Structure formats: structure tokens, C-alpha cells
2 protein chains.
Amino acid sequence: MSKHAPMFISTDALLAHWQGHRRLTRRVIEVFPEDQMFAFSLGGMRTFGALANELLAMAAPMTHGMATLEWGGYAPPKAESKRAVLQAWDESTKKIEEWWPKIPPQRFQETLTSFGTYTGLGHWQILYVIDNEIHHRGQGYVYLRALGIEPPPFYER
Amino acid sequence: MSKHAPMFISTDALLAHWQGHRRLTRRVIEVFPEDQMFAFSLGGMRTFGALANELLAMAAPMTHGMATLEWGGYAPPKAESKRAVLQAWDESTKKIEEWWPKIPPQRFQETLTSFGTYTGLGHWQILYVIDNEIHHRGQGYVYLRALGIEPPPFYER
């Protein structure tokens, strides 16, 4: 792709967009009933706690890998309580903020393999992580509704 | 923002990313049982058919508005059957492809008000539409699982 292709969004704005989504996901975790987080599910799916652990295993580790090209250099501890999920979430948010500016900007337009497995352009790698968060958070909204709890508004970041 | 801010993703690549998501959402619509599309729901939420109509009311109309700054110039008909949803989906996909290149690239970095109501940067307007599609499609995945149907893989676009 041309280096002069018209820009849709800058690296700074994308980080701000992502962190907005992460604030919303944090609010969904916060309102999730503690005793249901690793117990409730629908249709044989994973619990919201298990989904949250998947999101945690992708977000900061992807950012670290994109910055260093070392994969597996950082992994948050697997959370087994709502409190541990929130703690890991906040730590990941800080790590993402710290590592993002260390990603060489051209890397977002280059092809790379993340975690030894997933090959694609740098922006694709990051968008996959964000989209996967939105996808599973949307599922968390259904779990909350089924539990009789009003989720936070989708448009508030 | 500087015109020379490092680019995360180009306008062309973002369109391709969006159309990939639209192909996945189309597959979710395709596997949804016709007799449940406007009937089944969980936790008092809207049916997947109603959610699909919301997505249709946002995607092509947003693209048209971004290209012309005329809001309400295009609205797909409200679908009341699975067949009508798929037909409107395919028509919207073509319209998006047609109108996207007509959006002046700098508009993605400018603040504008869409549909007379939503004020934000151009890239925010588009990302809201895409993120909302991922969010509601994720909810469709739960509906499918609850109906005993395997949804298409999230990573296939």
C-alpha cells in the first residue's frame, strides 16, 4: 500500500477509541454479579469471566508484541474472581497506554505474525483484538439482560 | 490533529475491514432460523430481525451522509422477513462500496453532525456503525447458541 494512502484514523486516535471501549467493558464487568461471573452462561457458551480472561490474554500481550516483536513476553495472571478481573483489567489498560507509543508507526501497515500463529497486517492484528472485545462484551450484555440487570449504555465510553 | 499524524489504517483498508464484517454478519443472518428471526429473543431484548433493521438503517445511510452531507437522503426499506433482510443487506453492501470513494478523505478527520443529532469526527461516525454491528451480531451469536445452532466462526470474513 502507498505510504500516501488517505488516512482513516491516526494511531493516537485509534488508541483513544480502544481505551474508550475498554472503559465500557470495565463497566460491564463492574455490574456483572460476582456470583454469576464464572457460573452463568447461555446456550452452552463460556461464562463472562472466561470471556474476560480471553480478552485480557489478548489486549496487553498483543500491544507488547507489536511494540517488541517478542510474543509471550507478557501475560496477565488468569483471574478467578471479579475483583481479580478488574485488577488485571486496570493493569492491562496501563500497559497498553505505556506500550502503544513504542510500536513503530509503520508496523501497522506491515505484515507480521502474532503469537507465532496469526499472520496479517499490524492494523488487522489490533482491530481483531478490539473487535473480539466488542463481540464478547455484546454477549455479556445478553447475559446481563437474562439476569435481569440493565447494562451500561453502548454509546458511553 | 496534525495532517501528518502517523496513520493506523487507510480509508481503503478500513472499507475492506468493514465489508469483511458485513460478510460475517450476512452469514449470521443466513443461518438464523426464518421463523425465529422476528420472534425469538432473550432477556426482553429486541429480536435479531429488529437488530438487523437497525444495522441496515445506519450503514448505507451513514455512508451516503458522509459522502454528501445530506442526511436522510437514503434509507433502506424496513425488512419484515429473513429474505427481505438479506436483500436489503446486499443492496446496502453495494451502496457502501459505491459511496465510500465519494467521501472526501479529510472528512474522516473533521467534526460533523450525522442525522442531525450525532456530533463527532468522521472516523468516529463510521466506527460507531461498525462497532454497533459487531455488538449486535455478538448478541445474535448468543441467540443462535440458545436456539441450538452453531454460529459461523468469528475469525472468518
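Our subject is the structure that appears above.
What comes next is a walk through the structure.

1. Observations concerning the layout of surface pockets
- Approximately 550 Å³ is the volume attributed to the second largest pocket.
- Lining the second largest pocket are 25 residues, with Arg46, Tyr128, Asn132 and His136 of chain A together with Phe154 of chain B sitting closest to its centre.
- Going through the elements one at a time, α2 (48-68) and α4 (122-146) of chain A together with α4 (122-146) of chain B are the ones with two or more residues in the lining of the second largest pocket.
- Ranked by the residues each element gives to the lining of the second largest pocket, the list is headed by α4 of chain A, at eight residues.

2. A look at the pattern of salt bridges
- Going through the model one piece at a time under the given rule, you end up with eight salt bridges over all chains.
- Of the charged contacts in the structure, one is a salt bridge between Glu54 of chain A and Arg46 of chain A, with a shortest N-O distance of 2.7 Å.
- The partner of Arg26 of chain B in a salt bridge is Asp90 of chain B, with the nearest N and O atoms 2.7 Å apart. Separated by 64 residues along the polypeptide, Arg26 of chain B in helix α1 (residues 11-31) and Asp90 of chain B in helix α3 (residues 82-99) bring together distant segments of the chain.
- You can call Arg26 of chain B partly exposed: its relative accessible area is 22%.
- A single salt-bridge network, built from bridges that share partners, covers Arg26, Glu30 and Asp90 of chain A.

3. Digging into α4 of chain A
Residue and element names in this part refer to chain A.
- With 25 residues, α4 extends 37 Å from end C-alpha to end C-alpha; this agrees with the ideal 36 Å at 1.5 Å per step.
- For α4, the tally of buried residues reaches 22 of 25 residues, placing the bulk of the element in the interior.
- Of the residues trailing α4, Gly148 is marked for its positive phi of about 80°.

4. Some words on the relation of the copies chain B and chain A
- With an RMSD of 0.0 Å, chain B superimposes on chain A once it is rotated by 180° and translated 0.0 Å along the axis. With respect to symmetry, the two chain copies, as superposed, fit the operation of a two-fold axis.

5. Concerning the pairing of strand β3 (residues 118-121) of chain A
Residues and elements named next belong to chain A.
- Relative to β3, strand β2 (residues 111-114) runs antiparallel, the two being bridged by four bridges. Residue Thr113 lies in a different strand from β3, and its bridge partner there is Thr119.
- Linking β2 to β3, which pair antiparallel, is a turn of three residues; within it Phe115 sits at a positive phi near 55°.

6. A short note on the interface of chain B and chain A
- Counting residues at the interface gives 37 residues for chain B and 37 residues for chain A.
- Of the roughly 3,500 Å² buried between chain B and chain A, counting both surfaces, carbon and sulfur atoms make up 73%.
- It is Met7, Phe8 and His135 of chain B in chain B that bury the most area against chain A; as a group they hold 23% of the surface buried on that side.
- Scanning the region where chain B abuts chain A turns up zero salt bridges.
- Linking chain B to chain A there are 15 residue pairs in polar contact (both at pLDDT 80 or more).

7. What about empty space enclosed by the protein?
- Scanning the entire structure with this criterion turns up one cavity of 30 Å³ or more.
- Of the pockets and cavities examined, the largest cavity occupies roughly 60 Å³.
- As for the largest cavity, its lining consists of His17, Leu127, Ile130 and Asp131 of chain A together with His17, Leu127, Ile130 and Asp131 of chain B.
- Elements represented by at least two residues in the lining of the largest cavity include exactly α4 of chain A together with α4 of chain B.
- Grouping the constituent residues of the lining of the largest cavity by class yields four nonpolar, two polar and two charged.

8. So, the packing of α2 of chain A against α4 of chain A
Residues and elements named next belong to chain A.
- The interhelical angle for the contact between α2 and α4, taken along N-to-C directions, is 165°, at an axis separation of 10 Å. By the angle class used here, α2 and α4 are roughly antiparallel. In the crossing of α2 with α4, the sense of the turn from one axis to the other is left-handed. Of α4, the residues touching α2 (which contributes Phe48, Leu51, Glu54, Leu55, Met58, Ala59, Met62 and Met66) are Gly122, Gln125, Ile126, Tyr128, Val129, Asn132, Glu133, His136, Arg137, Gln139, Gly140 and Tyr143.
- When the residues that make up the contact of α2 with α4 are grouped by side-chain class, the tally is 11 nonpolar, six polar and three charged.

9. Brief notes about the packing of aromatic side chains
- In this structure the tally under the stated criterion is 20 aromatic pairs over all chains.
- Taking the centre distance of 5.9 Å and the plane angle of 45° together, the rings of Trp124 of chain A and Tyr128 of chain A count as tilted. A residue pair is termed a helical-turn pair when its members lie 3 or 4 positions apart in one helix, as Trp124 of chain A and Tyr128 of chain A do in helix α4 at four residues.
- Of the aromatic side chains, those joined through ring pairs into one cluster are Phe8 of chain A together with Trp18, Trp100 and Phe108 of chain B.
- Taking the ring centre of Trp89 of chain B as reference, the NZ or CZ of Arg22 of chain B above it sits at 4.2 Å.
- Positioned over the ring face of Phe154 of chain B is Arg157 of chain B, at 4.7 Å from the centre of the ring.

Cut-offs used in this document
Residues numbered from 1 in each chain as written. Chains lettered and ligands numbered in written order. Predicted model: local features only at pLDDT ≥ 70, side-chain atom pairs only at ≥ 80, totals over all residues. Heavy atoms only, no water. 1 Å grid on protein atoms, 1.4 Å probe; cavity = no way out; pocket = protein on both sides within 12 Å on 5 of 7 lines; lining within 4 Å. Points joined across faces, edges and corners; volume = space filled by probe spheres on them. Helix = DSSP H or I, 4+ residues; strand = E, 2+ residues; numbered from the N terminus. Salt bridge = Lys/Arg side-chain N within 4 Å of Asp/Glu carboxyl O. Buried < 20%, exposed > 50% of the residue type's maximum accessible area, 1.4 Å probe, protein only. Expected span 1.5 Å × (residues − 1). Least-squares fit on C-alpha atoms with pLDDT ≥ 70 in both. Pairing = 2+ DSSP bridges. Contact = heavy atoms within 4.5 Å. Buried area = accessible area lost by both parts, 1.4 Å probe. Polar contact = N/O pair within 3.5 Å; in protein donor to acceptor, adjacent residues only side chain to side chain. Nonpolar A, V, L, I, M, F, W, Y, C, P; charged D, E, K, R; others polar. Axes fitted to C-alpha atoms, helices over the stretch in contact; angles between N-to-C directions. Parallel < 35°, antiparallel > 145°, perpendicular 65-115°, else oblique. Left-handed = near helix turned anticlockwise from the far one by under 90°. Phe/Tyr/Trp six-rings, centres within 6.5 Å; stacked < 30°, edge-to-face > 60°. Lys NZ or Arg CZ within 6 Å of the ring centre and 35° of its normal.

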